[in-house]
Amino acid sequence: MGEVIWVEVLSRHRDVLERRRCEGPQVRIGRSYANDVVIDDPFVAAAHLRVFRDESGSLVAQDLGSANGLFAGHGGTRAERLVLDGEQPIRIGRTYLRIRAAGHAVPAERALPVRVYGGRMVVALAASIVAIETASQWLGDTREFQATRFVLPLLALVLLALAWTGMWSILSRVFTGQARFDRHLLVALAGLAALSVLTDLAGFGAFAFSLPALAIYEYAVIWICVAAACYFHLREMGRSRLPVKALAVGALAVVSIAAQTLVRSEGGASSGRQEYLRDLKPPFLRLVPAQREAAFFGRVEDLKAKLDEARAAAVPADAGSSGQEAEE
C-alpha cells in the first residue's frame, strides 16, 4: 500500500464539502472517471492535476496541461507546479481543493462553548424587547388608552424579525448549505434589543437634558445597529475574512449615515423648519431645571427686536418717500 493522501473539496469560505482518502505514490484529479478524485466541474479538465512527492519529500501539485490551469487560493497567477503545505488551498476550474498527507498535524480540539443558541435565550430576548417597547410606549402616551397602539407596533416588530431572519437564513442556505435559522434569529433579536435600548436612551436623554440632537440624530444609532447585526449574520455564515466583512458593513453604515444627514440638512434648509423634540415624557424624568417665565419672554423680546431691525434694514430708504408722494 502507498502513502495515504487526503483531498478535500472546499467551498469559497473554506468549509469542507467533501473529503476523499487516496492511496498510492501519486493522486490524479480531474473530471474523468479514470482519476482517483473525480471533480464535477465543467471547467476542470478530464485529467487536470497530479499530486506526488518531489525529491525533497514535499507534496507537489502539477498541472497536466489543462486549459484553465492551476492557481494558489484566490490568486490570479497561473502556476505549473505548487508546493502544498496542507493549509493553503489551490484552485482548478471553479473548484477549491486542500491536499494533506495523513500525518498532517491538526490543531488541538476546542473546548465546548457554553450553549447560547436555545429556546430560553430567544424567549428572554423577545420578552425584553416586548417589555422595553411597551414601557416606552406607555411613558410617551398622552392620549386615552387604546390596546391597538401597544399591540400593533409589537406585531410589526415580530413580522420584521421573522422577515429579517428568513432573509439571512435563505442567504446562509444558498452560500453555506445550512440555513441556521435559530442562530440568525438570535442575532436578529439581539440587534432589536440593542436598538430598542439605545433609541429609548437617546429619547429619554434628549428630554431629560434638553438635548434635541440626541433624538434628532438617532438614525445614526439605527444604522450602526443594522451594520453590527449584518456583521454577526455574516459571521454566522462563515468565519473567514472577518476583517473584510467588518470593513464592508462599517463602510455601509458610514455612507448611509452621511447620506441621511445630507438629506435632512438640505430638507431643513429649504423648508426653514426648526428641529424639536417630537415625543414628550413624564415631567419627573426631566433632570435640567425648567426655564423661568421671565427669562423666556425676555428672549422673545430680544428676538422680536432683532426681527424688527432686520425688517427695517431690508426696506429701501426711498421706499417710504415714494409711498408718501403717491399718497399726495
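Above this text you will find the structure in question.
Residues numbered from 1 in each chain as written. Predicted model: local features only at pLDDT ≥ 70, side-chain atom pairs only at ≥ 80, totals over all residues. Heavy atoms only, no water.

A. Structural context of the sheet that holds strand β3 (residues 26–30). Taken together, the five strands give an open sheet; going across it, the order is β4-β3-β5-β6-β9, and neighbouring strands pair in mixed fashion. Of all the strands in the sheet, just β4 (37–38) and β9 (81–83) have a single pairing partner and so form its edges. (Pairing = 2+ DSSP bridges. Helix = DSSP H or I, 4+ residues; strand = E, 2+ residues; numbered from the N terminus.)

B. Region of the structure containing the nonpolar core. Ranked by size, the top nonpolar core spans 22 residues in total, and within it Ile 29, Leu 49, Val 51, Ile 90, Leu 97 and Ile 99 carry the most contacts. Apart from residues no more than four positions distant in its own chain, Ile 29 is found in contact with Val 7, Asn 35, Val 37, Ile 39, Ala 47, His 48, Leu 49, Val 51, Ile 92, Leu 97 and Ile 99. (Core = buried A, V, L, I, M, F, W, Y, C linked by side-chain atoms within 4.5 Å. Buried < 20%, exposed > 50% of the residue type's maximum accessible area, 1.4 Å probe, protein only. Contact = heavy atoms within 4.5 Å.)

C. Quick peek at the packing of aromatic side chains. Under the counting rule described, the total for this entry stands at three aromatic pairs. One residue, Arg 50, lies across the ring of Phe 52, its end atom 3.9 Å from the ring centre. Taking the ring centre of Phe 71 as reference, the NZ or CZ of Arg 91 above it sits at 4.4 Å. (Phe/Tyr/Trp six-rings, centres within 6.5 Å; stacked < 30°, edge-to-face > 60°. Lys NZ or Arg CZ within 6 Å of the ring centre and 35° of its normal.)

D. Layout of helix α3 (residues 181–209). Its 29 residues place the ends of α3 42 Å apart at the C-alpha level, agreeing with the 42 Å of an ideal helix rising 1.5 Å per residue. Ser 210 occupies a position one or two residues after α3 and carries a positive phi of about 55 degrees. (Expected span 1.5 Å × (residues − 1).)

E. Representation of the sheet that holds strand β1 (residues 4–10) in the model. Reading across the sheet, the six strands line up as β2-β1-β11-β10-β7-β8 and stay open at both edges, with antiparallel pairing between neighbours. Two strands lie at the open edges of the sheet, namely β2 (16–23) and β8 (78–79), each paired on one side alone. Summarising the sheet, strand β7 (residues 70–72) and strand β10 (residues 90–92) pair through three bridges and their orientation is antiparallel. By the bridge assignment, Leu 70 is partnered in β10 with Ile 92.

F. The arrangement of the packing of helix α2 (residues 148–176) against α3 in detail. Between α2 and α3, the least distance of the axes is 9 Å, while the angle of their chain directions is 135 degrees. If you check the angle between α2 and α3, you find them oblique. When you trace α2 past α3, the crossing you get is right-handed. Packed against α2, whose contacting residues are Leu 157, Ala 161, Trp 164, Thr 165, Gly 166, Trp 168, Ser 169 and Ser 172, the element α3 presents Phe 181, His 184, Leu 185, Ala 188, Leu 189 and Leu 192 at the interface. Split by residue class, the contact of α2 with α3 holds nine nonpolar, five polar and no charged. (Axes fitted to C-alpha atoms, helices over the stretch in contact; angles between N-to-C directions. Parallel < 35°, antiparallel > 145°, perpendicular 65-115°, else oblique. Left-handed = near helix turned anticlockwise from the far one by under 90°. Nonpolar A, V, L, I, M, F, W, Y, C, P; charged D, E, K, R; others polar.)

G. View of the side chain of Gln 62. Mapped onto the secondary structure, Gln 62 falls in strand β6 (residues 59–63). Engagement of the side chain of Gln 62 in a polar contact is seen with the side chain of Arg 50, the distance being 2.7 Å. With near-sequence residues (within four places) excluded, Gln 62 lies in contact with His 48, Leu 49, Arg 50, Phe 52, Glu 80 and Arg 81. (Polar contact = N/O pair within 3.5 Å; in protein donor to acceptor, adjacent residues only side chain to side chain.)

H. Local environment of the packing of α2 against helix α5 (residues 218–237). Direction vectors running N to C along α2 and α5 enclose 35 degrees, while the axes themselves pass 10 Å from each other. The handedness of the crossing between α2 and α5 comes out as right-handed. Contacts between α2 and α5 involve Trp 164, Trp 168, Leu 171, Ser 172, Phe 175 and Thr 176 from the first element and Val 226, Cys 230, His 233, Leu 234 and Met 237 from the second. A class-by-class count of the residues in the contact of α2 with α5 yields eight nonpolar, three polar and no charged.

I. Region of the structure containing the pairing of β3. In this structure, β3 lies alongside strand β5 (residues 49–53), joined through four bridges in antiparallel fashion. What sits directly across from Val 27, in β5, is Val 51. Taken together, the two bridges between β3 and β4 define a ladder with parallel strand orientation. Residue pairing across strands places Ile 29 opposite Val 37, the latter belonging to β4.

J. Region of the structure containing the pattern of salt bridges. Under the counting rule described, the total for this entry stands at nine salt bridges. Among the ionic pairs, Asp 63 bridges to Arg 78, the shortest N-O distance being 3.3 Å. Placement of the pair is Asp 63 in strand β6 and Arg 78 in strand β8, with a sequence separation of 15 residues. Taking the shortest distance from any N to any O, the salt bridge between Glu 236 and Arg 183 comes out at 3.7 Å. Placement of Glu 236 in helix α5 and of Arg 183 in helix α3 is noted, with a sequence separation of 53 residues between them. When its relative accessible area of 31% is taken as the criterion, Arg 183 is described as partly exposed. A cluster of three or more residues bridged by salt bridges with shared partners is formed by Glu 8, Arg 19 and Arg 98. (Salt bridge = Lys/Arg side-chain N within 4 Å of Asp/Glu carboxyl O.)

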